[in-house]
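Residue-level listing of the chains:
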Amino acid sequence: MSKVGKENIKIENLRPVELNHLLSKFFMEVMKANGENYEPDTISSYQRSIQRFLDEAKYPWNILKDKEFVESRDVLAARRKALRKRRVQGIMLGRHRALNQNRNHRLRERGTQTRTGKEQGHRISFQPKALATGTRRCPVAIYKKFRAHRPPSMTSPDAPFLAVNHRRSPGDEIWYKQAPLGKNEIGKFLSLAAKKASIQLCRCRNHSVRKTRISRLLDAGVPENFVAQLSGQNQPRA
């Protein structure tokens, strides 16, 4: 870049307005020979290298500080911002793909002592997925944590809800019995959780969640046929 144009004009002989325009164009368009973008800091290093060259050539202006070159500095700042944003988006996309690759689980209706999960009636017509989120409440991470405390023979996706082994020894890594949990115990989940959280709810039951979900979906304008499929009911307002 020390010489520009067909007449090989040296940049140290350019007027500030001309050099400012040339630098702006350079910072905006410079790329690697293979068409890839430079790192933001690399382009900034070019700016500093140009200034060192101009200092050695006794150029009377400073492209890093003088007001005559504010436009080229703004262009460089905008290019750096755009490159950083593109890089962050690429990193986040890569993390998202890596996070969810082989880390999604189909949710299945698990059996109990009296239900096998194969009964007719309230059945979801498709298998929803729980995707990893990488957050503290990541459903996949929570599922894997609790699965690790199951008996080794009861870790398959089709394994039923298991009864808790209240007689286990302190420090025992296996929390559950090799026996399915009864539907009456499952029915207490929400009421016990509300009680422990000091939430005052009247007739708080597991079905309350199902009913509220259906109501919220319908209120939000979700088509009734989709709500029916999601809830496993023939009539979404039932």
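Each residue is numbered by its place in its chain's sequence as written, counting from 1. Local features in this predicted model are restricted to residues whose pLDDT is 70 or higher, and side-chain atom pairs enter the listing and the counts only when it is 80 or higher, whereas totals over whole chains, interfaces and linings include all residues. Excluding hydrogens and water, the side-chain values take into account all heavy atoms of the structure.

Concerning the overall build of the protein
- Put simply, DSSP H or I for four residues or longer makes a helix, DSSP E for two residues or longer makes a strand, and each gets a number counted from the N terminus. The helix and strand tally for the protein stands at 8 helices and 6 strands.
- Buried, partly exposed and exposed residues are distinguished by accessible area as a fraction of the type maximum, computed with a 1.4 Å probe on protein chains only: under 20%, between the cut-offs, and over 50%, respectively. Counting all 238 residues of the protein, 25% fall into the buried class.
- Contacts are assigned to residue pairs that have any heavy atoms within 4.5 Å of one another. Looking at the protein alone, contacts between residues at least 24 apart form 48% of all its contacts between residues at least 6 apart.

Some remarks on the side chain of Ser24
- With respect to the helices and strands, Ser24 occurs in helix α1 (residues 16-29).
- For the purposes of these results, a polar contact is taken to be a pair of N or O atoms within 3.5 Å, where, inside protein, one atom must be able to donate a hydrogen and its partner to accept one; residues adjacent in sequence count only when each atom of the pair is a side-chain atom. A distance of 2.9 Å separates a polar atom in the side chain of Ser24 from the backbone oxygen of Asn20.
- In this structure, Ser24 is in contact with Glu71, Ser72 and Val75, ignoring residues within four places of it in sequence.

A short note on the pattern of salt bridges
- Whenever a carboxyl oxygen of Asp or Glu lies within 4 Å of a side-chain nitrogen of Lys or Arg, that contact is scored as a salt bridge. Here the structure, examined in full by the defined rule, presents 3 salt bridges.
- In this structure, Glu18 engages Arg15 in a salt bridge whose closest nitrogen and oxygen atoms are separated by 3.3 Å.
- Glu18 gets classed as partly exposed once you look at its relative accessible area, which sits at 33%.
- Judged by relative accessible area, which is 51%, Arg15 ranks as exposed.
- Between Arg80 and Asp41 there is a salt bridge; the shortest N-O distance is 3.0 Å.

Looking at the nonpolar core
- Residues belong to one nonpolar core when they are buried, are Ala, Val, Leu, Ile, Met, Phe, Trp, Tyr or Cys, and are joined through side-chain atoms within 4.5 Å. Counting 15 residues, the largest nonpolar core has Leu19, Leu23, Ile43, Leu54 and Ile63 as the members making the most contacts within it.
- Beyond its immediate sequence surroundings of up to four residues, Ile63 is in contact with Leu19, Leu23, Gln47, Ile50, Gln51, Leu54, Phe69 and Arg73.

Things to note about the packing of aromatic side chains
- Pairing of aromatic rings covers Phe, Tyr and the six-membered ring of Trp, with a centre-to-centre limit of 6.5 Å; geometry is then stacked below 30 degrees between planes, edge-to-face above 60, and tilted otherwise. Enumeration over the complete set of coordinates arrives at 6 aromatic pairs.
- Between Phe26 and Tyr46 the ring centres are 6.2 Å apart and the planes differ by 50°, which places this aromatic pair in the tilted class. You can see Phe26 sitting in helix α1 and its partner Tyr46 sitting in helix α2 (residues 40-56), a full 20 residues away along the chain.
- Using a relative accessible area of 24% as the deciding quantity, one classes Phe26 as partly exposed.
- With a centroid separation of 6.4 Å and 50° between ring planes, the pair formed by Trp175 and Tyr176 is classed as tilted.
- Among the residues examined, Trp175 registers a relative accessible area of 25% and is labelled partly exposed.

Examining the side chain of Arg79
- Counting through the fold element by element, Arg79 comes out in helix α3 (residues 70-100).
- Counted charges follow a simple rule, with Lys and Arg positive, Asp and Glu negative, and His plus the chain ends left uncounted. No salt bridge forms around the buried Arg79; measuring N to O, its nearest opposite-charge neighbour Glu29 is 8.3 Å away.
- Here Arg79 is in contact with Phe27, Met28, Glu29, Val30, Met31, Asn37 and Ile43, once residues within four sequence places are set aside.

Quick look at the confidence of the model for the protein
- Every residue is assigned a pLDDT by the predictor, reflecting its confidence on a scale from 0 to 100. With 70% of its residues at a pLDDT of 70 or more, the protein has an overall mean of 76.
- Below pLDDT 50 for its whole length, residues 111-123 participates in 25 contacts with residues either more than four positions away or in separate chains.

Digging into the packing of α1 against α2
- Lines fitted to C-alpha atoms define the axes, with helix axes restricted to the stretch in contact, and inter-axis angles between N-to-C directions lie between 0 and 180 degrees. Packing of α1 against α2 leaves a shortest axis separation of 11 Å and a crossing angle of 155°. Taken together, the axes of α1 and α2 are roughly antiparallel relative to one another. As α1 packs across α2, the resulting crossing turns out to be right-handed. For the pair formed by α1 and α2, the contact residues are Leu19, Leu23, Phe26 and Phe27 on the first element and Ile43, Tyr46, Gln47, Ile50 and Leu54 on the second. Roughly parallel here means an angle under 35 degrees, roughly antiparallel means over 145, roughly perpendicular means 65 to 115, and every remaining angle is called oblique. By definition, turning the near helix anticlockwise from the far helix through less than a right angle yields a left-handed crossing, and turning it clockwise yields a right-handed one.

Focus: the environment of Val17
- Structurally, the position occupied by Val17 is in helix α1.
- Judged by relative accessible area, which is 54%, Val17 ranks as exposed.
- Between the alpha carbons of Val17 and Glu68 there is a distance of 6.8 Å; along the sequence they are 51 residues apart.

Quick look at unusual backbone geometry
- A positive phi angle, close to 65°, is found at Lys58, a residue other than glycine.
- Mapped onto the secondary structure, Lys58 falls in the loop between α2 and α3.
- Note on Lys58: relative accessible area 70%, which makes it exposed.

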